[in-house]
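# Fold and contact review
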Amino acid sequence: MNSKSFIGLLLLFTGGGFIGYGVTREPEVPAYVLLAGFILLGTGGFLFGSLFGKNKPLGKSPVATLVLLYAGFTLLGVYQLAKGSPQDAMSSLGIALAFDPFDPKVTWKQRPIWQKMWLVFHLTLVLFLLAGMLSDAGFIKDMQAGFRDGFRGQ
């Protein structure tokens, strides 16, 4: 990873954090926070995206790095879901899907059925959290209460 890609990713994550903070907080967040987030996101996307327009062949895919990033964001999403923050959990789990934990050179049709089922389950969970957030903000508390009551046998 060279400095241009590192700075691009850093700006992408920082801009996304500003936007996420500005969107999920109350209206007292100033508009310049959102504006700064979009500027950082655009600049980081430009820097990081400009690396892929070259005509040189890409190196070997860092499968171990992708697996670690996928596992890290997935565990972070599960932790955030257990703590009762569905917005953050949805974001973390959705970001985890960007890092293919399996061999990215294998096409979708050639993948084993268990890999397809896992990725579809993961995507379904993210969409379920999104639908729950858009329909009712308290649905995650109800889901957690039902989950706990089910394990206690009540």
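Throughout what follows, the structure given in this document is the object of discussion. Source: prediction; values computed, not measured.

On a plain count of helices and strands, the protein chain comes out with 6 helices and 0 strands. Taking as baseline every contact in the protein chain between residues at least 6 positions apart, the subset at least 24 positions apart corresponds to 56%. Accessible surface, the protein chain: about 10700 Å² in total, of which carbon and sulfur atoms supply 70%.

In this section: the pattern of salt bridges. Scanning the model with the defined rule gives 1 salt bridge in all. For D100, the salt bridge goes to R111, with nearest N and O atoms at 2.4 Å. With D100 in the loop between α4 (86–98) and α5 (113–135) and R111 in the loop between α4 and α5, this residue pair connects regions lying 11 residues apart in the sequence. Grouping residues by exposure puts D100 and R111 together as buried.

Two numbers describe how helix α3 (residues 63–82) lies on α4: the axes approach to 8 Å, and their chain directions differ by 165°. If you check the angle between α3 and α4, you find them roughly antiparallel. Crossing of α3 over α4 shows left-handed handedness. Mapping the contact onto sequence places Y70, F73, T74, L76, G77, Q80 and L81 in α3 and D88, A89, S92, L93, I95 and A96 in α4.

Right, let's get into the side chain of R111. With relative accessibility at 9%, the residue R111 sits in the buried group. Apart from the residues lying within four places of it in its own chain, the contact partners of R111 are D100, F102, D103, P104, V106, K116 and L119.

Take the side chain of D100 next. With relative accessibility at 17%, the residue D100 sits in the buried group. For D100, the side chain forms a polar contact with the main-chain nitrogen of F102, separated by 3.2 Å. At a separation of 2.4 Å, a polar atom in the side chain of D100 contacts the side chain of R111. Beyond its immediate stretch of four places on either side in the chain, D100 contacts L66, R111 and L119.

Residues F6, I7 and L10 make up a contiguous nonpolar surface patch of about 290 Å² in total accessible area. With respect to the helices, strands and loops of the structure, F6 is situated in helix α1 (residues 3–24). What makes F6 partly exposed here is its relative accessible area of 49%.

Judged by nonpolar contacts, L81, A89, M90, L93, V126 and L129 together constitute the single largest core of 6 residues. Broken down by secondary-structure element, the contributors of at least two residues to this core are α4 and α5. With 3 residues, α4 is the single largest residue contributor to this core. Residue contacts for V126: discarding those within four places in its chain leaves M90, L93, G94 and L97. Membership of the second largest hydrophobic core comes to 5 residues, among which are Y70, F73, A96 and F99.

Analysis parameters
Residues numbered from 1 in each chain as written. Predicted model: local features only at pLDDT ≥ 70, side-chain atom pairs only at ≥ 80, totals over all residues. Heavy atoms only, no water. Helix = DSSP H or I, 4+ residues; strand = E, 2+ residues; numbered from the N terminus. Contact = heavy atoms within 4.5 Å. Areas by Shrake-Rupley, 256 points an atom, 1.4 Å probe, with all protein chains shown as cover. Salt bridge = Lys/Arg side-chain N within 4 Å of Asp/Glu carboxyl O. Buried < 20%, exposed > 50% of the residue type's maximum accessible area, 1.4 Å probe, protein only. Axes fitted to C-alpha atoms, helices over the stretch in contact; angles between N-to-C directions. Parallel < 35°, antiparallel > 145°, perpendicular 65-115°, else oblique. Left-handed = near helix turned anticlockwise from the far one by under 90°. Polar contact = N/O pair within 3.5 Å; in protein donor to acceptor, adjacent residues only side chain to side chain. Patch = residues over 30% accessible without salt bridge, like charges linked within 9 Å, V, L, I, M, F, W, Y side chains within 5 Å. Core = buried A, V, L, I, M, F, W, Y, C linked by side-chain atoms within 4.5 Å.

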